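In case you want the letters, here they are:
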Amino acid sequence: MSGRVIVVGSVNVDLVVWSARLPAPGETVSGGRFEQHDGGKGGNQATAAARLGASVLLLGAVGADSFGAQARSALAAAGVDVSGLATNPTEATGIALILVDAAGENVISVASGANLALEPDAIEAELARLGSLVGDVVLVSNELVPSTAAAALRCARAAGARTIFNPAPAVGIDVSLLEFVDLLTPNRGELAVLSGRTGSDFDAVSAARALPVREAVIVTLGSDGVLVVPRDGAPWPVPATVVEVVDTTGAGDAFNGALAAALAEGRSLEEAVRRAVAAGSLATTRPGAREGMPTPAELDVALGS
Ligand code: RIB
(Lines give C-alpha, C1' and ligand atoms only; values in the text may rest on other atoms or scores of the structure.)
Protein backbone atom coordinates (compact mmCIF):
# COMPACT_ATOMS: atom_id res chain seq x y z
CA MET A 1 0.00 0.00 0.00
CA SER A 2 1.26 3.52 -0.83
CA GLY A 3 2.12 6.03 1.86
CA ARG A 4 0.80 9.56 1.97
CA VAL A 5 2.55 12.67 0.68
CA ILE A 6 2.35 15.51 3.19
CA VAL A 7 3.42 18.85 1.76
CA VAL A 8 4.29 21.74 4.06
CA GLY A 9 4.70 24.96 2.11
CA SER A 10 3.38 28.15 0.59
CA VAL A 11 0.18 28.83 -1.31
CA ASN A 12 0.10 31.83 -3.65
CA VAL A 13 -1.90 33.25 -6.50
CA ASP A 14 0.41 34.02 -9.44
CA LEU A 15 -0.22 37.23 -11.41
CA VAL A 16 1.75 36.73 -14.60
CA VAL A 17 2.73 39.10 -17.41
CA TRP A 18 4.15 37.53 -20.55
CA SER A 19 6.42 39.89 -22.44
CA ALA A 20 8.92 39.66 -25.25
CA ARG A 21 11.77 40.25 -22.84
CA LEU A 22 12.31 40.98 -19.15
CA PRO A 23 12.67 44.70 -18.33
CA ALA A 24 15.90 46.08 -16.84
CA PRO A 25 15.58 47.98 -13.51
CA GLY A 26 13.76 51.27 -14.16
CA GLU A 27 12.60 50.19 -17.61
CA THR A 28 9.02 49.59 -18.86
CA VAL A 29 8.38 46.91 -21.47
CA SER A 30 4.91 47.33 -23.04
CA GLY A 31 2.82 44.94 -25.11
CA GLY A 32 2.63 42.06 -22.61
CA ARG A 33 -0.24 39.65 -21.91
CA PHE A 34 -1.71 39.07 -18.43
CA GLU A 35 -2.72 35.71 -16.92
CA GLN A 36 -3.67 34.61 -13.41
CA HIS A 37 -2.59 31.15 -12.21
CA ASP A 38 -2.61 29.11 -9.01
CA GLY A 39 0.84 28.95 -7.45
CA GLY A 40 3.08 28.87 -4.41
CA LYS A 41 5.73 26.20 -4.02
CA GLY A 42 3.71 24.12 -1.55
CA GLY A 43 0.51 24.32 -3.57
CA ASN A 44 2.35 23.45 -6.77
CA GLN A 45 4.20 20.50 -5.21
CA ALA A 46 1.00 19.14 -3.69
CA THR A 47 -0.76 19.43 -7.06
CA ALA A 48 2.09 17.66 -8.88
CA ALA A 49 1.95 14.73 -6.45
CA ALA A 50 -1.86 14.51 -6.54
CA ARG A 51 -1.92 14.57 -10.35
CA LEU A 52 0.34 11.52 -10.27
CA GLY A 53 -2.16 9.68 -8.10
CA ALA A 54 -0.68 10.19 -4.63
CA SER A 55 -2.81 10.70 -1.53
CA VAL A 56 -1.76 14.27 -0.64
CA LEU A 57 -2.33 16.59 2.31
CA LEU A 58 -1.17 20.20 2.23
CA LEU A 59 -0.29 22.08 5.42
CA GLY A 60 -0.05 25.84 4.94
CA ALA A 61 -2.09 29.04 5.15
CA VAL A 62 -4.07 31.46 3.01
CA GLY A 63 -5.84 34.72 3.87
CA ALA A 64 -9.59 35.25 4.38
CA ASP A 65 -9.88 36.91 0.95
CA SER A 66 -11.08 35.96 -2.51
CA PHE A 67 -7.59 34.85 -3.57
CA GLY A 68 -7.50 32.48 -0.59
CA ALA A 69 -10.89 31.00 -1.44
CA GLN A 70 -9.80 30.51 -5.03
CA ALA A 71 -6.50 28.92 -4.02
CA ARG A 72 -8.27 26.52 -1.65
CA SER A 73 -10.84 25.42 -4.20
CA ALA A 74 -8.20 24.91 -6.93
CA LEU A 75 -6.24 22.64 -4.60
CA ALA A 76 -9.34 20.70 -3.57
CA ALA A 77 -10.32 20.31 -7.23
CA ALA A 78 -6.84 18.90 -7.90
CA GLY A 79 -7.51 16.21 -5.28
CA VAL A 80 -5.40 17.69 -2.48
CA ASP A 81 -6.70 17.30 1.09
CA VAL A 82 -6.87 20.93 2.33
CA SER A 83 -8.18 20.18 5.83
CA GLY A 84 -4.80 21.33 7.19
CA LEU A 85 -4.75 24.54 5.14
CA ALA A 86 -5.43 27.35 7.64
CA THR A 87 -7.26 30.59 6.89
CA ASN A 88 -5.54 33.53 8.56
CA PRO A 89 -8.17 36.21 9.40
CA THR A 90 -5.74 39.14 9.31
CA GLU A 91 -3.11 38.38 6.65
CA ALA A 92 -3.60 38.41 2.88
CA THR A 93 -3.15 35.35 0.66
CA GLY A 94 0.35 35.17 -0.82
CA ILE A 95 0.72 36.84 -4.21
CA ALA A 96 3.54 36.24 -6.69
CA LEU A 97 4.16 38.83 -9.42
CA ILE A 98 5.80 36.94 -12.27
CA LEU A 99 7.31 38.15 -15.54
CA VAL A 100 7.95 35.52 -18.23
CA ASP A 101 9.92 36.22 -21.42
CA ALA A 102 9.66 34.66 -24.88
CA ALA A 103 12.17 31.93 -23.94
CA GLY A 104 10.08 30.90 -20.92
CA GLU A 105 12.51 32.32 -18.34
CA ASN A 106 10.99 34.19 -15.42
CA VAL A 107 11.59 36.62 -12.57
CA ILE A 108 9.34 36.40 -9.51
CA SER A 109 8.63 38.74 -6.60
CA VAL A 110 6.45 37.38 -3.78
CA ALA A 111 4.30 39.16 -1.17
CA SER A 112 4.11 36.21 1.23
CA GLY A 113 1.24 37.38 3.47
CA ALA A 114 -0.33 34.44 5.33
CA ASN A 115 2.53 32.10 4.39
CA LEU A 116 4.95 34.00 6.61
CA ALA A 117 2.47 34.21 9.47
CA LEU A 118 2.37 30.41 9.77
CA GLU A 119 3.89 29.59 13.18
CA PRO A 120 5.96 26.49 14.03
CA ASP A 121 3.39 25.42 16.69
CA ALA A 122 0.58 25.37 14.14
CA ILE A 123 2.51 22.99 11.89
CA GLU A 124 3.59 20.85 14.85
CA ALA A 125 -0.07 20.53 15.91
CA GLU A 126 -1.19 19.61 12.37
CA LEU A 127 1.52 16.96 12.01
CA ALA A 128 0.70 15.56 15.47
CA ARG A 129 -2.96 15.27 14.37
CA LEU A 130 -1.82 12.92 11.57
CA GLY A 131 -0.34 10.38 14.02
CA SER A 132 2.36 7.99 12.85
CA LEU A 133 3.99 9.03 9.58
CA VAL A 134 5.81 5.74 9.00
CA GLY A 135 5.61 4.98 5.27
CA ASP A 136 4.71 8.60 4.45
CA VAL A 137 6.83 11.23 2.70
CA VAL A 138 6.91 14.78 4.09
CA LEU A 139 8.00 17.42 1.58
CA VAL A 140 8.91 20.86 2.97
CA SER A 141 9.90 24.01 1.06
CA ASN A 142 11.14 27.33 2.41
CA GLU A 143 8.67 30.04 1.31
CA LEU A 144 7.76 30.01 5.03
CA VAL A 145 9.43 31.34 8.16
CA PRO A 146 12.56 29.13 8.32
CA SER A 147 11.76 28.08 11.90
CA THR A 148 8.39 26.76 10.67
CA ALA A 149 10.09 24.71 7.94
CA ALA A 150 12.57 23.41 10.55
CA ALA A 151 9.76 22.44 12.94
CA ALA A 152 8.01 20.55 10.14
CA LEU A 153 11.14 18.55 9.32
CA ARG A 154 11.91 17.80 12.96
CA CYS A 155 8.36 16.60 13.72
CA ALA A 156 8.15 14.61 10.50
CA ARG A 157 11.36 12.78 11.27
CA ALA A 158 10.24 12.11 14.86
CA ALA A 159 6.96 10.62 13.58
CA GLY A 160 8.81 8.26 11.24
CA ALA A 161 8.39 9.95 7.84
CA ARG A 162 10.95 10.09 5.05
CA THR A 163 11.72 13.79 4.63
CA ILE A 164 12.48 15.89 1.56
CA PHE A 165 13.59 19.50 1.97
CA ASN A 166 13.43 21.80 -1.05
CA PRO A 167 15.47 24.78 0.24
CA ALA A 168 13.78 27.35 -2.01
CA PRO A 169 14.36 30.17 -1.47
CA ALA A 170 17.67 29.53 0.36
CA VAL A 171 17.15 32.36 2.83
CA GLY A 172 17.51 32.17 6.61
CA ILE A 173 18.17 28.43 6.70
CA ASP A 174 20.03 27.13 9.75
CA VAL A 175 21.97 24.18 8.32
CA SER A 176 21.58 22.32 11.62
CA LEU A 177 18.06 21.43 10.39
CA LEU A 178 19.66 19.20 7.74
CA GLU A 179 20.02 16.47 10.35
CA PHE A 180 16.25 15.96 9.95
CA VAL A 181 16.48 15.76 6.15
CA ASP A 182 16.71 12.52 4.15
CA LEU A 183 16.76 14.09 0.68
CA LEU A 184 17.76 17.69 -0.05
CA THR A 185 16.77 19.16 -3.45
CA PRO A 186 18.59 22.47 -4.00
CA ASN A 187 19.35 24.08 -7.34
CA ARG A 188 22.94 25.09 -7.95
CA GLY A 189 22.56 28.56 -6.39
CA GLU A 190 20.79 27.21 -3.32
CA LEU A 191 23.49 24.56 -2.89
CA ALA A 192 26.18 27.25 -3.04
CA VAL A 193 24.42 29.29 -0.35
CA LEU A 194 23.81 26.31 1.96
CA SER A 195 27.35 24.98 1.65
CA GLY A 196 28.94 28.42 1.89
CA ARG A 197 30.94 27.58 -1.24
CA THR A 198 30.23 30.41 -3.62
CA GLY A 199 33.64 30.95 -5.28
CA SER A 200 34.56 30.49 -8.94
CA ASP A 201 35.94 27.02 -8.09
CA PHE A 202 32.45 25.87 -6.96
CA ASP A 203 32.06 22.12 -7.31
CA ALA A 204 28.58 20.67 -6.82
CA VAL A 205 29.77 17.27 -5.59
CA SER A 206 32.06 18.57 -2.86
CA ALA A 207 29.48 21.21 -1.88
CA ALA A 208 26.81 18.51 -1.57
CA ARG A 209 29.10 16.24 0.42
CA ALA A 210 29.65 19.06 2.93
CA LEU A 211 25.95 18.95 3.92
CA PRO A 212 24.89 16.50 6.66
CA VAL A 213 21.75 15.00 5.07
CA ARG A 214 20.88 11.39 5.75
CA GLU A 215 20.42 9.96 2.24
CA ALA A 216 21.34 12.20 -0.70
CA VAL A 217 21.56 15.69 -2.12
CA ILE A 218 19.77 15.94 -5.48
CA VAL A 219 21.02 19.04 -7.29
CA THR A 220 18.57 20.33 -9.92
CA LEU A 221 20.34 21.81 -12.93
CA GLY A 222 17.49 23.06 -15.16
CA SER A 223 17.91 21.91 -18.75
CA ASP A 224 20.95 19.85 -17.67
CA GLY A 225 18.77 17.54 -15.54
CA VAL A 226 19.92 16.62 -12.02
CA LEU A 227 22.96 15.31 -10.22
CA VAL A 228 22.33 12.88 -7.36
CA VAL A 229 25.04 12.92 -4.71
CA PRO A 230 24.38 10.06 -2.25
CA ARG A 231 25.79 10.32 1.22
CA ASP A 232 27.63 7.05 0.53
CA GLY A 233 28.51 6.07 -3.02
CA ALA A 234 29.31 7.68 -6.34
CA PRO A 235 27.32 10.63 -7.75
CA TRP A 236 25.03 9.91 -10.72
CA PRO A 237 23.46 12.28 -13.25
CA VAL A 238 19.99 12.09 -14.80
CA PRO A 239 19.56 14.12 -18.03
CA ALA A 240 16.49 16.31 -18.53
CA THR A 241 13.75 15.12 -20.88
CA VAL A 242 13.95 17.12 -24.13
CA VAL A 243 10.82 19.29 -24.52
CA GLU A 244 9.79 22.58 -26.10
CA VAL A 245 9.90 25.06 -23.22
CA VAL A 246 7.00 27.52 -22.83
CA ASP A 247 7.26 28.54 -19.16
CA THR A 248 9.78 27.31 -16.56
CA THR A 249 7.67 28.53 -13.60
CA GLY A 250 6.96 25.60 -11.26
CA ALA A 251 9.34 23.12 -12.94
CA GLY A 252 11.21 22.60 -9.66
CA ASP A 253 7.91 22.15 -7.85
CA ALA A 254 6.80 19.49 -10.35
CA PHE A 255 10.13 17.74 -9.78
CA ASN A 256 9.72 17.74 -6.00
CA GLY A 257 6.06 16.72 -6.03
CA ALA A 258 6.73 13.85 -8.44
CA LEU A 259 9.74 12.72 -6.40
CA ALA A 260 7.63 12.59 -3.24
CA ALA A 261 4.80 10.75 -5.05
CA ALA A 262 7.12 8.11 -6.46
CA LEU A 263 8.85 7.49 -3.12
CA ALA A 264 5.49 7.24 -1.34
CA GLU A 265 4.52 4.57 -3.91
CA GLY A 266 7.58 2.59 -2.78
CA ARG A 267 9.72 3.15 -5.88
CA SER A 268 13.52 3.12 -5.62
CA LEU A 269 15.37 6.42 -5.36
CA GLU A 270 16.74 5.96 -8.89
CA GLU A 271 13.32 5.34 -10.40
CA ALA A 272 11.78 8.18 -8.39
CA VAL A 273 14.42 10.64 -9.58
CA ARG A 274 13.94 9.62 -13.22
CA ARG A 275 10.18 10.15 -12.93
CA ALA A 276 10.70 13.47 -11.16
CA VAL A 277 13.09 14.76 -13.83
CA ALA A 278 10.60 13.90 -16.57
CA ALA A 279 7.77 15.55 -14.61
CA GLY A 280 9.84 18.72 -14.15
CA SER A 281 10.60 18.86 -17.87
CA LEU A 282 6.97 18.26 -18.91
CA ALA A 283 5.80 21.01 -16.53
CA THR A 284 7.61 23.60 -18.66
CA THR A 285 5.58 22.81 -21.78
CA ARG A 286 2.48 24.81 -20.80
CA PRO A 287 1.90 28.31 -19.34
CA GLY A 288 1.57 28.64 -15.54
CA ALA A 289 3.14 26.67 -12.72
CA ARG A 290 0.64 23.79 -12.67
CA GLU A 291 -0.90 23.36 -16.12
CA GLY A 292 1.92 21.25 -17.55
CA MET A 293 2.27 18.91 -14.59
CA PRO A 294 1.85 15.39 -15.98
CA THR A 295 -0.65 12.62 -15.30
CA PRO A 296 0.74 9.08 -14.82
CA ALA A 297 -0.07 8.26 -18.48
CA GLU A 298 1.77 11.36 -19.76
CA LEU A 299 4.75 10.51 -17.58
CA ASP A 300 4.83 6.93 -18.85
CA VAL A 301 4.84 8.19 -22.45
CA ALA A 302 7.73 10.59 -21.71
CA LEU A 303 9.68 7.80 -20.03
CA GLY A 304 8.91 5.33 -22.82
CA SER A 305 7.44 2.86 -20.32
O1 RIB B 1 8.12 27.82 -7.76
C2 RIB B 1 7.19 28.61 -8.47
C3 RIB B 1 6.34 29.38 -7.52
O4 RIB B 1 7.16 30.30 -6.83
C5 RIB B 1 5.28 30.23 -8.17
O6 RIB B 1 4.07 29.53 -8.36
C7 RIB B 1 5.17 31.41 -7.24
O8 RIB B 1 3.98 31.46 -6.53
C9 RIB B 1 6.36 31.33 -6.31
O10 RIB B 1 6.00 30.91 -5.07
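Asker: What's the story with the environment of Val277 in this structure? I'm lost.
Answerer: Following the sequence through the fold, Val277 ends up in helix H8 (residues 269-283). Given a relative accessible area of 5%, Val277 falls into the buried group. For the pair Val277 and Leu303, spaced 26 residues apart in sequence, the C-alpha to C-alpha distance is 9.9 Å. Sequence-distant contacts of Val277, that is, excluding residues within four places in its chain, are made with Val226, Val238, Pro239, Ala240, Thr241 and Phe255.

Asker: Would you explain the sheet that holds strand S10 (residues 183-184) in this entry?
Answerer: Sheet strands pair by backbone hydrogen bonding; their relative direction is either parallel or antiparallel. What the nine strands build is an open sheet, ordered S5-S4-S1-S8-S9-S10-S11-S12-S13; its pairing is mixed. Each edge of the sheet is formed by a strand with only one pairing partner; in this case those strands are strand S5 (85-88) and strand S13 (236-238). Two strands pair when backbone bridges link them, and strand S1 (residues 4-8) and strand S4 (residues 55-63) are joined in this way by five bridges, in the parallel orientation. Bridge assignment links Val8 to a residue of S4, and that residue is Leu59. Packing of helix H7 (residues 251-264) onto the sheet brings it into contact with S1, strand S8 (137-141), strand S9 (162-166), S10, strand S11 (216-220) and strand S12 (226-230), and relative to S9 it is tilted by some 175°.

Asker: Even after reading the chapter, I still don't get unusual backbone geometry, so can you show me in this structure?
Answerer: Peptide bonds are trans in most cases, and residues, glycine excluded, mostly fall at negative phi. The residue after Ala168, namely Pro169, is reached through a cis peptide bond having omega -5°. Along the chain, the position of Pro169 falls in the loop between S9 and S10.

Conventions we followed
- Residues numbered from 1 in each chain as written.
- Predicted model: local features only at pLDDT ≥ 70, side-chain atom pairs only at ≥ 80, totals over all residues.
- Heavy atoms only, no water.
- Helix = DSSP H or I, 4+ residues; strand = E, 2+ residues; numbered from the N terminus.
- Buried < 20%, exposed > 50% of the residue type's maximum accessible area, 1.4 Å probe, protein only.
- Contact = heavy atoms within 4.5 Å.
- Pairing = 2+ DSSP bridges.
- Axes fitted to C-alpha atoms, helices over the stretch in contact; angles between N-to-C directions.

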